[in-house]
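Read off the chains here:
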Amino acid sequence: MGSVPIETFSIEEKQLDIEDSSPVQRAEWVLNSPDPQPLCHELISSIKQTVFPYGKKHSSSSKKQTPRDYAASFLQGIFPILRWGRNYKASKFKSDLMAGLTLASLSIPQSIGYASLAKLDPEYGLYTSVVPPLIYALMGSSRELAIGPVAVVSILMSSMVPNIQDPVADPIAYRNLVFTVTFFAGTFQAVFGMFRLGFLIDFLSHAAIVGFMAGAAIIIGLQQLKGLFGFSHFTTKTDVVSVLESVFESLHSEWFPLNFVLGCSFLIFLLLARFIGRRNKKLFWLPTIAPLIAVILSTLIVFLTKADKHGVKIIKHIKVGVNRSSVNELQFNGPHVGQAAKVGLITAIIALTEAIAVGRSFASIRGYHLDGNKEMVAMGFMNIAGSLTSCYVATGSFSRTAVNFSAGCQTVVSNIVMAITVLVSLELLTRLLYFTPITILAAIILSALPGLIDINEAFYIWKVDKMDFLACLGAFLGVLFASVEIGLMVAVAISFAKILLKSIRPGIEELGRLPGTDIFCDISQYPMAIKTPAIITIRVNSSLLCFANANFIRERIVRWVTEHENEMKDNAKGSVQAVILDMTNMMSIDTSGIVALQELHKELVSHGIELAMANPRQQVIHKLKLANFLDKIGRGWIFLTVSEAVDACLNSNLVSLSSC
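All values derive from a computational prediction rather than experimental measurement.

(A) Spatial organisation of the overall build of the chain. Helices and strands together make up the secondary structure of the chain, namely 28 helices and 10 strands. Overall, the chain is about 100 × 65 × 55 Å in size when its C-alpha atoms are taken along their principal axes. Long-range contacts, defined here as pairs at least 24 residues apart, represent 79% of the contacts in the chain between residues at least 6 apart. As presented, the chain carries roughly 31700 Å² of accessible surface, and 63% of it is formed by carbon and sulfur atoms. For the chain, the distance from the average site of its 55 positive side-chain charges to the average site of its 49 negative ones is 10 Å.

(B) Layout of the pattern of salt bridges. Counted by the stated rule, this structure contains 15 salt bridges. Across the pair E329 and R324 runs a salt bridge, and its minimum N-O distance is 2.8 Å. Between E509 and R539 there is a salt bridge; the shortest N-O distance is 2.9 Å. Residue E509 is located in strand β3 (residues 507-513), and its partner R539 is located in strand β5 (residues 535-541); the two are separated by 30 residues in the primary sequence. One network of salt bridges, in which partners are shared, links R554, E555, E599 and E603.

(C) Expanded view of unusual backbone geometry. In the Ramachandran plot, K306 falls in the positive-phi region, its phi being about 50° despite a non-glycine side chain. Mapped onto the secondary structure, K306 falls in the loop between α15 (285-305) and α16 (337-366). In this structure, N615 takes a positive phi of about 55° despite not being glycine. Mapped onto the secondary structure, N615 falls in the loop between β9 (610-614) and α26 (618-626). Judged by relative accessible area, which is 22%, N615 ranks as partly exposed.

(D) Structural view of the UniProt feature "transmembrane region" (unreviewed entry) in the chain. UniProt records the feature "transmembrane region" (unreviewed entry) for residues 173-192, 199-222, 255-276, 283-304, 375-395, 401-425, 432-453 and 473-497 in the present numbering. In residues 255-276, the share of helix is 91% and the share of strand is 0%. The end C-alpha atoms are 33 Å apart. Structurally, residues 432-453 is divided into 50% helix and 0% strand, and its ends, taken at the C-alpha atoms, are 34 Å apart.

(E) Inspection of the layout of surface pockets at higher detail. In this structure, the second largest pocket encloses a volume near 1100 Å³. The wall of the second largest pocket is formed by 33 residues, among which S116, K119, L120, K226 and I438 lie closest to the centre. Secondary-structure elements contributing two or more residues to the lining of the second largest pocket are α6 (90-117), α7 (122-127), α10 (171-194), α12 (225-229) and α20 (438-448). Among the elements that take part in the lining of the second largest pocket, α10 stands out by supplying 4 residues, more than any other. Class assignment for the residues of the lining of the second largest pocket results in 16 nonpolar, 10 polar and 7 charged.

(F) Here's a closer look at the sheet that holds strand β4 (residues 520-522). What the 6 strands build is an open sheet, ordered β4-β3-β5-β7-β9-β10; its pairing is mixed. Single-partner strands in this sheet number two, and they are β4 and β10 (638-639). One ladder, built from 5 bridges, connects β5 with strand β7 (residues 578-582); its direction is parallel. Note on β7: the bridge partner recorded for T537 is I580. Of the strands in this sheet, β3, β5 and β7 touch helix α24 (residues 550-570), which is tilted by about 45° from β3.

(G) Representation of the nonpolar core. Y136, M157, V161, F212 and M379 are the most contacted members of the largest nonpolar core, which totals 114 residues. No other element matches α16, which puts 13 residues into this core. Residues I536, M613, F629 and L630 belong to the second largest nonpolar core, which totals 37 residues.

(H) Seen up close, the environment of V152. With respect to the secondary-structure elements, V152 resides in helix α9 (residues 151-160). By relative accessible area, V152 is classed as buried at 1%. Spatially, the C-alpha atoms of V152 and S495 are 21 Å apart, while their sequence positions differ by 343 residues. Every residue in contact with V152, bar those within four places of it in the chain, is listed here: F212, M213, I220, I350, E354 and L452.

(I) Inspection of the packing of aromatic side chains at higher detail. In this structure the tally under the stated criterion is 16 aromatic pairs. Relative to F332, the ring of F184 has its centre 6.0 Å away and its plane inclined at 90°; by these criteria the two rings are edge-to-face. In this pair, F184 is assigned in helix α10 and F332 in the loop between α15 and α16, connecting sequence segments 148 residues apart. Taken together, the ring pairs connect F229, F231, F234, W255 and F260 into an aromatic cluster. Sitting over the face of the ring of Y368, R143 holds its NZ or CZ atom 4.0 Å from the ring centroid. Directly above the aromatic system of W462 lies the positively charged group of K466, at a separation of 4.7 Å from the ring centroid.

(J) Inspection of the side chain of Q165 at higher detail. Note on placement: Q165 falls in the loop between α9 and α10. Contact partners of Q165, with chain neighbours within four places excluded, come to D170, A173, Y174, L177 and H336.

(K) Region of interest: α20. For α20, a buried count of 10 out of 11 residues is recorded, marking the element as mostly surrounded by other parts of the structure. What α20 keeps buried is the set T439, I440, L441, A442, A443, I444, I445, L446, S447 and A448. Looking at the buried positions of α20, the neighbouring elements they touch are α6, α11 (206-223), α12, α14 (257-279) and α15.

Cut-off values and rules
- The numbering scheme is per chain: residues are counted from 1 as the chain's sequence reads.
- Residues qualify for local features only when their pLDDT is at least 70, as the model is predicted, and side-chain atom pairs are given and counted only at 80 or more; totals for whole chains, interfaces and linings, by contrast, use all residues.
- Remark: hydrogens and water are excluded; side-chain values derive from all non-hydrogen atoms of the structure.
- What counts as a helix is a DSSP run of H or I of at least four residues, what counts as a strand is a run of E of at least two, and both are numbered from the N terminus.
- The criterion used for residue contact is that any of the two residues' heavy atoms lie within 4.5 Å.
- Note on areas: these come from Shrake-Rupley sampling with a 1.4 Å probe, and a residue is covered only by the protein chains present in the view.
- In this tally, Asp and Glu contribute negative charge and Lys and Arg positive charge; neither His nor the terminal groups of the chain are included.
- Where a charge lies is defined by one atom per residue type, namely NZ (Lys), CZ (Arg), CG (Asp) and CD (Glu).
- Put simply, a salt bridge is a Lys or Arg side-chain nitrogen that is within 4 Å of an Asp or Glu carboxyl oxygen.
- Under the scheme applied here, a residue whose accessible area is under 20% of the maximum for its type counts as buried, over 50% as exposed, and between as partly exposed, the area being computed with a 1.4 Å probe on protein chains only.
- UniProt positions are given in the numbering used here, feature names are shortened, and annotations may be inferred rather than shown by experiment.
- A pocket here means an open set of points on a 1 Å grid, computed over the protein atoms alone, that has protein on both sides within 12 Å along at least five of seven lines. A cavity is instead a set of points where a 1.4 Å probe fits but cannot get out; residues with an atom within 4 Å of a point line either one.
- Grid points are joined across faces, edges and corners, and a volume is the space filled by probe spheres set on the points.
- Put simply, Ala, Val, Leu, Ile, Met, Phe, Trp, Tyr, Cys and Pro go in the nonpolar bin, Asp, Glu, Lys and Arg in the charged bin, and everything else, Gly too, in the polar bin.
- Here, any two strands with at least 2 DSSP bridges between them count as paired.
- Convention adopted: a line fitted to C-alpha atoms gives each axis, helices being fitted over their contacting stretch, and angles between N-to-C directions are expressed from 0 to 180 degrees.
- Nonpolar cores are built from buried Ala, Val, Leu, Ile, Met, Phe, Trp, Tyr and Cys residues. Side-chain atoms within 4.5 Å join them into one set.
- The aromatic pairing rule takes the rings of Phe, Tyr and Trp, using the six-membered ring of Trp, and pairs them if the centres are within 6.5 Å, calling planes under 30 degrees apart stacked, those over 60 edge-to-face and the rest tilted.
- Whether a charge lies above a ring is judged from NZ of Lys or CZ of Arg, which has to be within 6 Å of the ring centre and within 35 degrees of the ring normal.

Shown next as structure tokens:
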């Protein structure tokens, strides 16, 4: 109890010391700030944070961590289940059991449908709902995220891998290539997470993802017309023009109306169940079990009426048994390794973007934080393990995660329950799916697509940011009329163009003092802000002064100074005496930026104008020291705040009375 007042007193004492310090002392704080860590140390530190996330960084006691403590921290970082599993209770298991069984009832029919979308045999979709969820349960940190095959990743596979290997001509080679792509996708995901490269997935902006998802949903829907109508021949292309041409050509050839009638009937049933479940939250389970009911009923109808003899296409044989090893089927020596790695990279980014977005959405509802880098590591290892056990790329599904959440899941144990249920189904129930019509799988996929098209979000993006909407529209049209790769490239290109435009042409503001304060703000945003006579205070809205924008910033400042000089001379108010750069926003600088500052200083000095800097950040002041720039402008022209810089200029007799 006695230590609390002493600690409070010491804090108050420090505050008094800060208040009593002079501007010169505060400027020394800036000049004598510690040097930043070298790049190699930052890299090692980032890996340590990933591997030892629960190690004690700061400890009030002098006790050192033992190797056992480090081992425990390492294992808990890799396997979060070791941390929370010790406090797992039976009451939570009851909730997870019900959620897992509910999830399995949706996963089984969806997994079979998504496998057909990826141009794989049905069992591979079920395999993908077994091993990846189990690995994620050990390594993942999201409590709600439901792992398995998803529509977007499946369409990526079916649109990109057939360009390398024809699934009809050689289905075994195609399947092996899919496993290889999955291995590369998992490797990229794990590397992104271990080296904390999560920012790479941010190049696919939210707006681009909205457009991409909408375009992909339409393409997926059009692809399902093959199963819905029972077409025998259909295009392998994914653009809307080719698909529609194939549909019209097939309509004039052999197709079976019974497929269409059966598929549309159950599609209406699934959409109706979805509508009822959304209107009445207590009936959330109805759209969840509706796909399984549709599979059971349609299979019985086909079996009892022998509709397969009248043109209704059925799944037929599904291999019985658990995942088999695919280690020997990975292709690392063939001619397509480079192309497989490229597809793996694209798939990895899309899968991560969807999973992390879904995981964070539900984590925010439950009030906990989800570390994107740890999620990448978990996703990576689960897909690497999946590629070795006959799975293709798995990720977090929004629709199944929503079902998992609504069913009351408490932890990732619901994924374990779901995986075990699917495993049991592979052993015992696959024979019963022999007569399941393919048109039902198409109906199940079509019923899940409305959730991928968010018109309200697109309208919101248009209202808030037109440049973002351009990225959204570019991704949508690119996927729709070209291909999935083109759509992604267009979206990333527009996002990059937006970043480059703001980096190359950053905003530059003139600052003024708010009346009665020491706060300096943009005079265009705060018209009441007062400009200081003969002093130009400028803030550059860029985190980096570099080769891309250095000359633009220098020329803009010089032009601004010239305009102010001419204006002051016309009004007989003297001339500009000082330029103050507020460097608060500038996080780093390169050699081109330093050269630009040197040229700016030289040009200003030639006109009798001093250059001052306020609050340069750690990286900036460190590099300016190394370049000896501080000695050129004088260390006395570095300040902690803009207010102190202005006061110093006023007190140094730089500003003549005539200027005021």
